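Now for the letters of each chain:
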Amino acid sequence: GGSLRVEVLDENGAVIPGYGKAGCLPLTGDHTAQTVTWRKTDASEGSATLPKSKGSIRLRFHVTNASLYSFNFK
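Residues numbered from 1 in each chain as written. Predicted model: local features only at pLDDT ≥ 70, side-chain atom pairs only at ≥ 80, totals over all residues. Heavy atoms only, no water.

Peer 1: Before we go on, may I ask you to explain the overall build of the chain in this structure?
Peer 2: Helix and strand content of the chain: zero helices and four strands. Along the chain, from the amino end to the carboxyl end, the secondary structure elements read β-β-β-β. Counting over 74 residues, the chain shows a buried share of 23%. Across the chain, contacts joining residues at least 24 apart in sequence account for 45% of those joining residues at least 6 apart. Accessible area for the chain stands at about 5,700 Å²; split by element, carbon and sulfur atoms hold 47% of it. (Helix = DSSP H or I, 4+ residues; strand = E, 2+ residues; numbered from the N terminus. Buried < 20%, exposed > 50% of the residue type's maximum accessible area, 1.4 Å probe, protein only. Contact = heavy atoms within 4.5 Å. Areas by Shrake-Rupley, 256 points an atom, 1.4 Å probe, with all protein chains shown as cover.)

Peer 1: I would appreciate a short explanation of the pairing of strand E1 (residues 3-9) in the present structure.
Peer 2: Successive side chains on a regular strand alternate, one facing one side of the sheet and the next facing the other. The buried count for E1 comes to six of seven residues, which makes it a mostly enclosed element. In terms of strand pairing, E1 meets strand E4 (residues 58-64) through seven bridges, oriented antiparallel. From the neighbouring strand, Val8 faces E4, where its bridge partner is Leu59. (Pairing = 2+ DSSP bridges.)

Peer 1: What exactly am I supposed to notice about the environment of Leu50 here?
Peer 2: With respect to the helices, strands and loops of the structure, Leu50 is situated in the loop between strand E3 (46-47) and E4. On the accessibility criterion, Leu50 (26% relative accessible area) is partly exposed. Sequence spacing of Leu50 and Val8 is 42 residues, and the spatial spacing of their C-alpha atoms is 8.1 Å. Those residues within four positions of Leu50 in sequence are excluded, and the remaining contacts are Val8, Tyr19, Trp38, Ile57 and Phe73.

Peer 1: In this structure, what is going on with the nonpolar core? I would like to understand it.
Peer 2: Core analysis: the biggest nonpolar cluster contains eight residues, these being Leu4, Val6, Val8, Ile16, Tyr19, Cys24, Leu27 and Trp38. Among the elements that line this core, the one with the most residues is E1, at three residues. (Core = buried A, V, L, I, M, F, W, Y, C linked by side-chain atoms within 4.5 Å.)

Peer 1: Where do I start with unusual backbone geometry in this structure?
Peer 2: Across the chain, the bulk of peptide bonds are trans and the bulk of non-glycine residues have phi less than zero. With a phi angle near 50 degrees, Asn65 is a residue other than glycine that sits in the positive phi range. Mapping Asn65 onto the fold places it in the segment after E4.

Peer 1: Please explain the pattern of salt bridges as it appears in this structure.
Peer 2: Think of it this way: side chains of opposite charge can pair up when their charged atoms draw near. Enumeration over the complete set of coordinates arrives at one salt bridge. Residue Glu7 is joined to Arg60 by a salt bridge in which the shortest nitrogen-to-oxygen separation is 2.9 Å. Placement of Glu7 in strand E1 and of Arg60 in strand E4 is noted, with a sequence separation of 53 residues between them. (Salt bridge = Lys/Arg side-chain N within 4 Å of Asp/Glu carboxyl O.)

Here's what the structure looks like:
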């Protein structure tokens, strides 16, 4: 019954448009490798591409009745 969602923030801590909690498709289940995706604004399929940023980005994890043991991205 748990889930995890991710927000992508700019270096000032503001959510990057299109990469907020509401647009993130929730990760569920007991898995060792899943890809985070966000809803596209112009299509129904999700996108795993991180936004381009002039500076650093931050990730904010929203975990509900679940555990996050590790993460990585390429």
